[in-house]
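Overview (structure and organization)
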Amino acid sequence: MAEFNPKDIIKPENLVYRKSKVLTDNVMHYCPGCGHGTAHRTLAEVIEEEELQSRTIGITPVGCSVLMYNYLDIDMQEAAHGRAPALATAVKRLMPDRFVFTYQGDGDLAAIGTAETIHTCNRGENILILFVNNGIYGMTGGQMAPTTLLGMKSSTSPYGRDAATMGSPVKMADLVALLPGTCYVTRQSVHTAAGVRKLKKALKKAVEYQNKNMGTCFIEVVSNCPSNWKMTPVAANKWMEENMFPAYPLGDIKVPAGE
Amino acid sequence: MEKELKLMKGNEAIAEAAIRYGADGYFGYPITPQSEILEYLMEADPEKSTGMVVLQAESEVAAINMVYGGAACGKKVMTSSSSPGISLKQEGITYIAGAELPCLIVNVVRGGPGLGTIQPAQSDYFQAVKGGGHGDYHLIVLAPASVQEMADFVGLGFDLAFKYRNPAMILSDGAIGQMMEKVELMPYQKRSEDLPSWATTGKPETRERNIITSLDLDPNAQEKFNQKLIQKYREIEEKETRYEEFQTEDADFIFVAYGTSARICQKAVQLAREEGIKVGLLRPVTLFPFPKRRLNQLADKVKVMMAVEMSAGQMVEDVMLSVNGKTKVCHYGRMGGMIPTPDEVVENLKQIIKGE
Ligand SMILES: Cc1ncc(C[n+]2csc(CCOP(=O)(O)OP(=O)(O)O)c2C)c(N)n1
Ligand code: SF4
């Protein structure tokens, strides 16, 4: 019997999946099971498929994804904590034909950067805000975020988040959907293949709407943080489905009129 | 096109000069005594003529971060504010310095601390010249003493900022911002379409991706970067120090003053000389780089150097460092929005001379 040689099956006609050309070969620093890597990949695929690489300018946040520019082969700017939408505003105003997005965590977007988020959406800047909500501060080691669920323990809410003294989870997508400046607001996930497919569709819509200058697109990815939730990746995803999704229901919150 | 003569407020001159220079964008937030810059630009609506973007941000924090984003695209972008707003901008300014981006920041200084007063002051010298935000960095700081210089330093500030990939600041004050003078305006320049090679403009096939960041987690690399910055600041000190002298040739005493204080001191020099006191004036035009070497030379032949500032005494420390003990250095200042008169300055000099 002839020996099996993998080269025999590695042929273009057998290709079912490949890494996006918009992803670099750098090894990602994310923890096992973290949603950031999948969110990056999905975005990279959309940039490639929509042929946006040469006209994309991305703004990274301060948070676990601060080094996103190491992973996406596009021009990127690294903002100060919470300020990405302000940078993106100027970039888009000064270069209106570019595809401009911010990528932000919940501490970045919903705490320190709340003003920038709200006002960028209110001006209806023609950008995409990609918001990864994992209910916690990942990078700094698991402190409470504005999105931390009631009763959820973190290093700065060790007895569980108490609404009376710590406020309740902020639902940013619902908030920005109220503003006339946003044209598309949706909540998605990346922990299942079906979720990734839906996110990809949402991202492609955001590209289309930005091309048509329809206003701010706000896509929230309800995600996980296995390390700071102190769970295995599988348990984290189960916990996310059972606890995060009821508080942050997936699906479209606002779509352009006539869609 | 011909140069144009106009009677303008200092703040308006800055706005008009920005349009004429071919600035790409202005991002601001209202605060007295500089709101005329934003108002003038909104009214002029240059987006329709030159294509310059003008935007009222939700805060000074947002405005400076818009400048950061625009500067990262290689565009000529600027912001302006007054003291409390400039404090808010410090985070963005240090990121811009750390990312080595050019931009122009205007501070029309008012008295502080805190909300202070809306009257003119020079009490933000330390903040402007020594860094202001966190980390080892410097701005290029220009100190206009007339409405003409308000206009001229817009172009100079942008040119230096782009030459050195470093933020530049015009450190003015409420008096120069609000007063009206004749100003000769440069002809309208077309906005340049050329963007620097380092700018984030979208990555074509033909080059590596451009990344604008101030982050380096490797301490060795970060130290190398800090050393590179220091090298740049030394070069700026070497090549870009600007100052003006007035009657220093035979002077026994020298006033050191910038901006509004320099105008007052120029008059004080005349008054003192009428009384036979041989005094001159050195006016730093750049505050960073500071005219250290020239002050050190002058220290060889003068008895006293008197720093006159509308502050509790900030620039005087740089005069002392420049002179390094060679001659006596003293300070006269008014604060809280009070402006010294030339008589007051002369009187104070006489007291010092008496004490010698
Ligand atoms: C001005 C400022 N304050 C605080 C920090 C520290 N810091 C870094 S990341 C972060 C929170 C990140 O959390 P999140 O935005 O939820 O992103 P994640 O890491 O979870 O992806 C904080 C507080 C900082 N870098 N800058
Ligand atoms: S700390 Fe949390 S958010 Fe950060 S990489 Fe790890 S799992 Fe992901």
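Residues numbered from 1 in each chain as written. Chains lettered and ligands numbered in written order. Predicted model: local features only at pLDDT ≥ 70, side-chain atom pairs only at ≥ 80, totals over all residues. Heavy atoms only, no water.

As for the site of ligand 2
All names here are of chain A. Using the following cut-off: Any residue with a heavy atom lying within 4 Å of a molecule or strand is counted as near it. Strands here mean DSSP runs of E at least two residues long; helices mean DSSP runs of H or I at least four residues long; both are numbered from the N terminus. Side-chain classes follow a simple rule in which Ala, Val, Leu, Ile, Met, Phe, Trp, Tyr, Cys and Pro form the nonpolar group, Asp, Glu, Lys and Arg form the charged group, and the remainder, Gly included, forms the polar group.
Taken together, Y30, C31, C34, H36, C64, N134, G138, C225, P226, S227 and N228 make up the full set of residues adjacent to ligand 2. Looking at the shell around ligand 2, the element that brings in the most residues is helix 8 (residues 226–229), giving 3 residues. Residue classes in the shell around ligand 2 are distributed as 6 nonpolar, 5 polar and no charged.

Focus on the interface of chain A and chain B
To be explicit about the condition: Any pair of residues with heavy atoms lying within 4.5 Å of one another is described as a contacting pair. When two components associate, each loses some accessible surface as probed by a 1.4 Å sphere; the sum of these losses over both components is called the buried area. We define a salt bridge as a contact between a side-chain nitrogen of Lys or Arg and a carboxyl oxygen of Asp or Glu at a distance within 4 Å.
With 36 residues of chain A in contact, the opposing surface of chain B contributes 35 residues. Summed over both sides, the interface of chain A with chain B buries roughly 2,700 Å², with 60% coming from carbon and sulfur. Per-residue buried area on chain A facing chain B is highest for A:Y69, A:D75 and A:L94; these three make up 23% of the total on that side. The interface formed by chain A and chain B holds 5 salt bridges in total. Linking B:R209 and A:D73 is a salt bridge whose minimum nitrogen-to-oxygen distance equals 3.8 Å.

So, the side chain of A:T60
The following threshold applies: The buried label applies to any residue whose accessible area, calculated with a 1.4 Å probe on protein chains only, is under 20% of its type's maximum; exposed applies above 50%, and partly exposed to all values in between.
Tracing the backbone shows A:T60 in strand 1 (residues 56–60). On the basis of relative accessibility, which here comes to 0%, the residue A:T60 falls in the buried class.

Considerations on the site of ligand 1
Rule in force here: Think of a polar contact as two N or O atoms within 3.5 Å of one another; within protein, one of them needs to be a possible hydrogen donor and the other a possible acceptor, and neighboring residues in sequence only count if both atoms come from side chains.
Close to ligand 1 lie 17 residues, the nearest being A:H36, A:C64, A:D106, A:D108 and A:G138. At the site occupied by ligand 1, nearby residues are drawn from chains A and B. One of the backbone N or O atoms of A:D108 is found 2.8 Å from an oxygen atom in ligand 1. A:N134 places a side-chain nitrogen or oxygen 3.1 Å from an oxygen atom of ligand 1.

Some words on the pattern of salt bridges
One pass over the full model with this rule turns up 43 salt bridges over all chains. Where B:E16 meets B:R20, a salt bridge forms, and the shortest distance between an N and an O atom there is 2.6 Å. Of the two residues, B:E16 and B:R20 are both situated in helix 1 (residues 10–21); the distance of 4 residues between them amounts to about one turn of the helix. For B:E16, a relative accessible area of 4% puts it in the buried group. Residues joined by salt bridges that share partners form a network here, namely A:R41, A:E45, A:E49, A:K200 and A:K204.

Topic: the sheet that holds strand 3 (residues 53–56) of chain B
Residues and elements named next belong to chain B. We apply this condition: Between any two strands, at least two bridges found by DSSP are needed for them to pair. For helices, the fitted axis covers only the stretch in contact; all axes are lines through C-alpha atoms, and the angles between them, taken along N-to-C directions, range from 0 to 180 degrees.
Here we have 7 strands laid out as an open sheet, ordered 3-2-4-5-7-6-13, and mixed in their pairing. Each of the sheet's edge strands pairs with one partner strand only, and the pair in question is strand 3 and strand 13 (286–288). Pairwise comparison of adjacent strand axes, ignoring direction, gives a mean angle of 20° for this sheet. Sheet topology note: the strand 6 (residues 140–142)/strand 7 (residues 167–173) ladder contains 3 bridges and is parallel.

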